[in-house]
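Here are the chains, one letter per residue:
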Amino acid sequence: MRYKTIVGLEIHVELSTETKAFCSCKNSFGDEPNTNVCPVCLALPGGMPVLNRNAVNYTIMAGTAFNCKINNKSKFDRKNYFYPDLTKGFQITQNDKPICTDGYLEIDTEDGKKKIGLFQIQMEEDTAKSLHTEDNETLMDYNRCGVPLIEIVTKPDISSGKEARDFLEKLKSTLRFLDISDCKMEEGSLRCDVNVNVKDMETGEKTAITEVKNLNSFRGVEKAIDFEVERHIKLLEDHEDEIKTTRRWDDAKNETILMRVKYTANDYRFAPEGDLPIVHITDEEIKEVVDKMPELPEQMIERFVKEYDITLEDAQVLTSSRELAKFFEELAKDFKDYTLLSNWIQTEILRRVEISDDEEFKLPFENKEFIELLNAIKSEKISNNAGKKVLREMFETGDGAKEIIERLGLVQMTDLSAIEKIVDEVLDENEQSIIDFKEGKDRALGFLVGQVMKKSRGKANPKVANEMLVKKLNER
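By the naming in an unreviewed UniProt entry, the chain goes by Aspartyl/glutamyl-tRNA(Asn/Gln) amidotransferase subunit B and is assigned to Peptoniphilus genitalis. What UniProt states about the chain under its Subunit (unreviewed entry) heading is, verbatim, "Heterotrimer of A, B and C subunits."

1. Notes on the overall build of the chain
Check the secondary structure of the chain and you find 15 helices and 16 strands. On C-alpha atoms alone, the chain measures out to a radius of gyration of 30 Å, which is more than a quarter above the 23 Å that the 2.2 N^0.38 rule sets for 476 residues. Overall, the C-alpha framework of the chain stretches about 95 × 55 × 55 Å when taken along its three principal axes. Buried residues in the chain amount to 47% of all 476 residues. The long-range fraction of contacts in the chain, counting pairs at least 24 apart against all pairs at least 6 apart in sequence, stands at 68%. Accessible area for the chain stands at about 24800 Å²; split by element, carbon and sulfur atoms hold 47% of it. Distance from the positive charge centre (70 side chains) to the negative charge centre (93 side chains) of the chain: 1 Å.

2. Section: the sheet that holds strand 5 (residues 90–93)
In spatial order, the strands read 5-4-15; together these three strands make up an open sheet with antiparallel pairing. Edge strands, defined here as strands with exactly one partner in the open sheet, are strand 5 and strand 15 (271–272).

3. Digging into a nonpolar patch on the surface
Taken together, Ile 243, Leu 258 and Val 261 make up a surface patch of nonpolar side chains, about 230 Å² in accessible area. Tracing the chain through its elements places Val 261 in strand 14 (residues 255–261). The exposure class assigned to Val 261 is partly exposed, which follows from its relative accessible area of 30%.

4. A word on the nonpolar core
One finds Leu 9, Ile 11, Phe 66, Ile 152, Phe 167, Leu 171 and Val 194 to be the most contacted residues of the largest nonpolar core, which totals 62 residues. Considering each element in turn, this core owes the most residues, seven residues, to helix 1 (residues 53–65). Look past the residues within four positions of Ile 11 in its chain and what remains in contact with it is Ile 150, Glu 151, Ile 152, Thr 154, Phe 167, Leu 168, Leu 171, Leu 190, Arg 191 and Cys 192. Judged by nonpolar contacts, the second largest core, of 41 residues, contains Ile 310, Phe 328, Phe 370 and Leu 374.

5. Notes on unusual backbone geometry
Phi is positive for Ala 43, close to 60 degrees, though the residue is something other than glycine. Tracing the chain through its elements places Ala 43 in the loop between strand 1 (3–14) and helix 1. If you check the backbone angles, Asp 102 has positive phi at about 55 degrees while not being a glycine. With respect to the element layout, Asp 102 can be found in strand 6 (residues 100–109).

6. So, the pattern of salt bridges
Across all of its chains, the model carries 43 salt bridges by this definition. Between Glu 211 and Lys 213 there is a salt bridge; the shortest N-O distance is 3.4 Å. Judged by relative accessible area, Glu 211 falls into the buried class, the value being 7%. Arg 303 serves as the salt-bridge partner of Glu 329, at 2.9 Å between the closest nitrogen and oxygen. With a gap of 26 residues between them, Glu 329 in helix 7 (residues 322–332) and Arg 303 in helix 5 (residues 297–308) connect regions that are remote in the sequence. Residue Arg 303 is classed as partly exposed on the basis of its relative accessible area of 22%. By sharing partners, the salt bridges in this structure join Glu 14, Asp 126, Arg 144 and Arg 191 into a single network.

7. Details of the sheet that holds strand 12 (residues 210–215)
Judged by pairing direction, the sheet is mixed, and its nine strands sit side by side in the order 2-6-7-10-1-11-12-13-14 without closing on themselves. Pairing within the sheet leaves two strands with one partner each, and these edge strands are strand 2 (69–70) and strand 14. Bridge count between strand 2 and strand 6: two bridges; the pairing is antiparallel. Counterpart to Ile 70 in the pairing with strand 6 is Cys 100. Contacting strand 2, strand 6, strand 7 (112–125) and strand 10 (148–154), helix 1 runs over the sheet at an angle of about 165 degrees to strand 7. Sheet contacts for helix 2 (residues 161–178): strand 1, strand 6, strand 7, strand 10 and strand 11 (190–200); angle to strand 6, the most-contacted strand, approximately 115 degrees.

8. Points about the packing of helix 14 (residues 443–455) against helix 15 (residues 462–475)
Running from N to C, helix 14 and helix 15 cross one another at 125 degrees; their axes reach a closest spacing of 10 Å. Taken as axis vectors, helix 14 and helix 15 run oblique relative to one another. Our pair here, helix 14 against helix 15, has a crossing hand that is right-handed. Side by side, helix 14 and helix 15 meet where Leu 445, Leu 448, Val 449, Val 452 and Met 453 of the first sit next to Pro 462, Ala 465, Asn 466, Leu 469, Val 470 and Leu 473 of the second. Per-class residue counts for the contact of helix 14 with helix 15 are ten nonpolar, one polar and no charged.

9. A few points about helix 2
In an α-helix, one turn spans 3.6 residues, which is why side chains three or four residues apart end up on the same side. Given a rise of 1.5 Å per residue, 18 residues ought to cover 26 Å, and the 26 Å separating the end C-alpha atoms of helix 2 matches this to within 8%. A large share of helix 2 lies buried, amounting to 13 of its 18 residues. Where helix 2 terminates, the next one or two residues include Asp 179, which has phi positive at roughly 60 degrees.

10. A short note on the pairing of strand 6
As paired elements, strand 6 and strand 7 share nine bridges and run antiparallel to each other. Its bridge partner lying in strand 7, Thr 101 is registered against Gln 120. Two successive antiparallel strands, strand 6 and strand 7, enclose a turn made up of two residues.

11. Digging into the packing of aromatic side chains
In total, this model carries ten aromatic pairs according to the counting rule given. Ring geometry for Tyr 81 against Tyr 268: centres 5.9 Å apart, planes inclined by 65 degrees, an arrangement best described as edge-to-face. One end of the pair, Tyr 81, is in the loop between strand 4 (77–80) and strand 5; the other, Tyr 268, is in the loop between strand 14 and strand 15, with 187 residues separating them in the sequence. Tyr 81 gets classed as partly exposed once you look at its relative accessible area, which sits at 27%. Between Phe 304 and Tyr 308 the ring centres are 5.2 Å apart and the planes differ by 80 degrees, which places this aromatic pair in the edge-to-face class.

What counts and how
All residue numbers refer to positions counted from 1 along the written sequence of the respective chain. At least 70 in pLDDT is required for a residue's local features to be given in this predicted model, at least 80 for side-chain atom pairs to be given and counted, and no such filter applies to totals for whole chains, interfaces and linings, which use all residues. The side-chain figures draw on all heavy atoms in the structure; neither hydrogens nor water molecules are used. UniProt positions are given in the numbering used here, feature names are shortened, and annotations may be inferred rather than shown by experiment. By the criteria applied, helices consist of DSSP H or I runs no shorter than four residues and strands consist of E runs no shorter than two, each listed in order from the N terminus. Here the globule rule is a power law, 2.2 Å times the number of residues to the power 0.38, and the radius of gyration is based on C-alpha atoms. Each residue is assigned to one of three classes by its accessible area relative to the maximum for its type, calculated with a 1.4 Å probe on protein chains only: buried under 20%, partly exposed between the two thresholds, exposed over 50%. Contacts are assigned to residue pairs that have any heavy atoms within 4.5 Å of one another. Note on areas: these come from Shrake-Rupley sampling with a 1.4 Å probe, and a residue is covered only by the protein chains present in the view. For this count, His and the chain ends are skipped, Lys and Arg are scored as positive, and Asp and Glu as negative. Here the site of a charge means atom NZ of a Lys, CZ of an Arg, CG of an Asp or CD of a Glu. At least two bridges found by DSSP between two strands are what make those strands a pair. Patches here: salt-bridge-free residues with over 30% relative accessible area, like charges joined within 9 Å, nonpolar side chains (Val, Leu, Ile, Met, Phe, Trp, Tyr) joined within 5 Å. By definition, a salt bridge exists where a carboxyl oxygen of Asp or Glu is found within 4 Å of a side-chain nitrogen of Lys or Arg. The nonpolar core is taken to be a set of buried Ala, Val, Leu, Ile, Met, Phe, Trp, Tyr and Cys residues, with the residues joined through side-chain atoms within 4.5 Å. Note on definitions: angles span 0 to 180 degrees between N-to-C directions of axes, and those axes are lines fitted to C-alpha atoms, for helices only across the stretch in contact. In what follows, roughly perpendicular refers to angles from 65 to 115 degrees, roughly parallel to angles under 35, roughly antiparallel to angles over 145, and oblique to any angle outside these ranges. It is the rotation of the near helix from the far one that decides the hand of a crossing: anticlockwise by less than a right angle makes it left-handed, clockwise makes it right-handed. Any residue outside Ala, Val, Leu, Ile, Met, Phe, Trp, Tyr, Cys, Pro, Asp, Glu, Lys and Arg is labelled polar, Gly included; the first ten of those are nonpolar and the last four are charged. By this rule the span expected of a helix is its residue count minus one, scaled by 1.5 Å. Ring geometry is summarised as follows: Phe, Tyr and Trp rings, the Trp one being its six-membered ring, pair when their centres sit within 6.5 Å, and such pairs are stacked at plane angles under 30 degrees, edge-to-face over 60 and tilted between the two.

As structure tokens, then:
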């Protein structure tokens, strides 16, 4: 391949602590504007920051999950710039000595596993939120100011929009399993900037890096990267130069739009944060946090395969969210045919239930009713197709499985003589199908079984009907 795509991501994740990073104000989304504020987060005279220990612990958990080195010593810095959303005139962040460094996250690609390296995970505070009105006014909500963030900076190891999307999906899943962030892009608790350029492998020529902002979905990240790659390749082919730019993604136009040109590098005049001491974390403290970490997705996948004897692919689907995994395990306590349980969840439940962004997973009936249905199918009290009909009724009415089975008269026939009578009738009425079966046409048997099921109104056991038909056909 002549052109190599080079992509790095900067991901900001709001941590779900109860209070802000450096003060005791409530960390809560959607409250009345400017109600969760104090002299510290408003930068009023005399306000002094105090580090939130839980924010440190959450950062350690993220660093551990992403295979980082957790540094025993780190510090905070002041990143100086002026903007209305930053009351102090600087942001408290970490520059050259962050808590977590040199990690990676592994994703699946067509060529196998691929490690996407991480430069660092640093703690910092969020800025306020700007609200632009129709009257060209800008209103400031400082509730978000001081909310704890981690910034995850990847190495330029990503080679396509799809890889970036897969990376972000896995990162989001991991953070939600850790329960340290809700990762809701629509609420701004997960934000991603993309840095992309392209290298001509024949000439060694590279395009200038483009930074893409305003990405509000993983799909948008993928599309923005793919758009920029095509644009950069055209720049190379046309022998055009472009100074480093910042662009935004326009979902309506499906293209990036120029925001500004970067003629010089940003000079943030980083300086140590004098109001916060050096952060010292002992190995014992790190171990204490790690020992209390929830099970991570990859660990859960491995356990599901071993404990429930299901396929890797099934385990990956069932652990795609915490709530779905919890649902499966709660049912598995009382229903031991894990393969049947897994199949029905994936094929019948997931096509009716959408897992929301906050991972809510609600059914209109109790779990025990679903187990009642599965037991009826496993014991062959009802057929598989009848089971689907019952489940549909359960979703529509909220009624119990047993009640629906009885109301619709779906209990399978157990009287062999009654099934045999229907089989004989079907054979007598379908002489041509008997001839076709004798000539080796496999579809003939399926047709005959279907006729038996039709005559029995779906109550005949299809397995019994099949066996009985084969026996009688061979005797003719």
